[in-house]
Amino acid sequence: MTRLSLQRMRVTIVGSGNVATHISAALKNAGHRIVQVYSRNLQHAALLAYHVGAGATDDVNTLTINTDLFIISVKDDAVLPMVAQLAKYGKLIAHTSGAVELLPMLEFTQQAGVFYPLQTFSKTRELNFREVPMCIEGASESITKTLEDLARDISNKLYRVSSPQRKVLHLAAVFACNFTNHLYGIGEALLKDSGMSFDMLRPLIAETADKIKERSPFTVQTGPAVRNDETTMAAHLQLLEKQPRLQEIYEVLSQDIIKNHNGVNGDG
């Protein structure tokens, strides 16, 4: 395909969730036109469409052909069925998933790509999209460059990432973000049960995040496991005696830290 002019790209957003909301706003603020928002829930589509000055629909068959790009931002298992429905329009189609490969899209269209923002999004929380890493993959060099040009309008961090690489990246993100956030929740619950506030942990969490801005997480690991402090770890497990699930989590993580650091002492 011929590379599209990016002076004012016409974009149709398929989805109305967290990622769709932020990408729509970023593209609109960069001067591109959101022509339509599709969602199975018309109310959700209409709400997002209102904020980005677009039309709204809950019927794939009523999508306008006056668009340059469909950006699919739906649940992973709904991506390929949506590609199959959109292929008839003969337009460029890109999805925002970290887990769906490019190759299966090519069964339906050669005008396919990936426009994956590596970030955790919430509709009600603003963020600087310029700092969001955009991971790009295209079915051709021309498509890749078109998506890169579009991504460059909304982000300063562009990466060409193949489907196999993106699957590993998504897995790494689950460990670094989703699992970590779950552990925050466990910490909050433990404090709450003892009449304390999660606010007490916030400075510790912030300092830990600051440390890894410039250093490897392994080099700044602290705590009883990295010191192989068996007395403290035994005491912690005793505190969790009525919560065997948490004991198991504690032991698995502690043993993995010990293995990775090979008994090297931490500093806190």
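Data block above holds the structure.
Predicted model only: the values in this text are computed from it and were never measured.

Peer 1: How would you summarise the nonpolar core if you had to cite specific residues and measurements?
Peer 2: In summary, soluble globular proteins display a tendency toward joint burial of nonpolar side chains. Judged by nonpolar contacts, the single largest core of 28 residues is most densely connected at Leu69 and Phe115. Elements represented by at least two residues in this core include exactly strand S1 (10–14), helix H1 (18–29), strand S2 (33–38), helix H2 (42–52), strand S4 (69–72), strand S5 (92–95), strand S7 (134–138) and helix H4 (141–152). If we skip the residues at most four places from it in the chain, Leu69 touches Met9, Arg10, Val11, Thr12, Leu92, Ile93, Ala94, Leu147 and Leu150. Core analysis: the next-biggest nonpolar cluster, separate from the first, contains 20 residues, Leu63, Val83, Leu86 and Val100 among them.

Peer 1: So what about the packing of aromatic side chains? Which residues, and what values?
Peer 2: Counted by the stated rule, this structure contains 3 aromatic pairs. Ring centres 5.6 Å apart and planes at 45 degrees place the aromatic pair Phe70 and Tyr89 in the tilted group. Linking Phe70 in strand S4 with Tyr89 in the loop between helix H3 (76–86) and S5, this pair joins segments that are 19 residues apart in sequence. Of the two residues, Phe70 and Tyr89, neither departs from the other in class, the shared state being buried. Plain terms: the ring middles of Phe175 and Phe179 are 5.0 Å apart, the flat faces sit at 80 degrees to each other, and that makes the pair edge-to-face. One end of the pair is Phe175 and the other is Phe179, both in helix H5 (residues 163–193) and 4 residues apart, which spans about a single turn.

Peer 1: Just give me the short version of the pattern of salt bridges, but keep the residues and values in it.
Peer 2: A complete count under the given rule lists 11 salt bridges for this structure. Its salt-bridge partner being Asp68, residue Arg10 comes within 3.0 Å of it at the nearest N-O pair. Remark: Asp68 occurs in the loop between strand S3 (55–57) and S4 and Arg10 occurs in strand S1; sequence separation between them is 58 residues. Taking the relative accessible area as the measure of exposure, Asp68 reaches 15% and is therefore buried. Between Arg160 and Glu148 there is a salt bridge whose closest N-O contact spans 2.7 Å. Taken together, the residues Arg160 in strand S8 (residues 158–160) and Glu148 in helix H4 connect sequence positions 12 residues apart. Glu148 sits in the buried class, given a relative accessible area of 13%.

Peer 1: How would you summarise the packing of helix H7 (residues 230–239) against helix H8 (residues 244–261) if you had to cite specific residues and measurements?
Peer 2: Look at H7 against H8: their axes get within 10 Å of each other, and the N-to-C directions meet at 160 degrees. What the angle tells us is that H7 and H8 run roughly antiparallel. Two packed elements cross with a definite hand, and for H7 against H8 that hand is right-handed. Across from Thr232, Met233, His236 and Leu237 in H7, the residues of H8 making contact are Gln247, Tyr250, Glu251, Ser254 and Ile258. Per-class residue counts for the contact of H7 with H8 are 4 nonpolar, 4 polar and 1 charged.

Peer 1: Residues and numbers for H1, please.
Peer 2: Here H1 contains 12 residues, and its C-alpha end-to-end distance of 17 Å stays within 8% of the 16 Å for a straight helix at 1.5 Å per residue. Listed as buried for H1 are Ala20, Thr21, His22, Ile23, Ser24, Ala26 and Leu27. Contacts made by the buried residues of H1 are with S1, S2, H2, S4, strand S6 (112–117) and H4. The positive-phi residue at the C-terminal boundary of H1 is Gly31, with phi of around 100 degrees.

Peer 1: Outline the sheet that holds S3, listing residues and values.
Peer 2: With respect to topology, 8 strands assemble into an open sheet ordered S3-S2-S1-S4-S5-S6-S7-S8, the strand pairing being mixed. The open sheet is flanked by S3 and S8, the only strands paired with a single partner. Each neighbouring strand pair of the sheet contributes to a mean axis angle of 25 degrees, computed without reference to strand direction. Here 5 bridges tie S1 to S2, and the two strands are oriented parallel to one another. Opposite Ile13, over in S2, you have Val37 as the bridge partner.

Peer 1: Any details on the packing of H1 against H2? Residues and values, ideally.
Peer 2: Axis angle and axis distance: for two packed helices, these are the angle between their axes and the distance between the axes, and together they describe the pair. In the contact formed by H1 and H2, the axes pass within 10 Å of each other and the chain directions differ by 20 degrees. One finds that H1 runs roughly parallel with respect to H2. Here H1 and H2 pass one another in a crossing that is right-handed. Contact residues: Ala20, Thr21, Ser24, Ala25 and Lys28 in H1; Leu48, His51 and Val52 in H2. Grouping the amino acids of the contact of H1 with H2 by side-chain chemistry returns 4 nonpolar, 3 polar and 1 charged.

What counts, and at which threshold
- Residues numbered from 1 in each chain as written.
- Predicted model: local features only at pLDDT ≥ 70, side-chain atom pairs only at ≥ 80, totals over all residues.
- Heavy atoms only, no water.
- Core = buried A, V, L, I, M, F, W, Y, C linked by side-chain atoms within 4.5 Å.
- Buried < 20%, exposed > 50% of the residue type's maximum accessible area, 1.4 Å probe, protein only.
- Helix = DSSP H or I, 4+ residues; strand = E, 2+ residues; numbered from the N terminus.
- Contact = heavy atoms within 4.5 Å.
- Phe/Tyr/Trp six-rings, centres within 6.5 Å; stacked < 30°, edge-to-face > 60°.
- Salt bridge = Lys/Arg side-chain N within 4 Å of Asp/Glu carboxyl O.
- Axes fitted to C-alpha atoms, helices over the stretch in contact; angles between N-to-C directions.
- Parallel < 35°, antiparallel > 145°, perpendicular 65-115°, else oblique.
- Left-handed = near helix turned anticlockwise from the far one by under 90°.
- Nonpolar A, V, L, I, M, F, W, Y, C, P; charged D, E, K, R; others polar.
- Expected span 1.5 Å × (residues − 1).
- Pairing = 2+ DSSP bridges.

These figures come from the coordinates and say nothing about function on their own.
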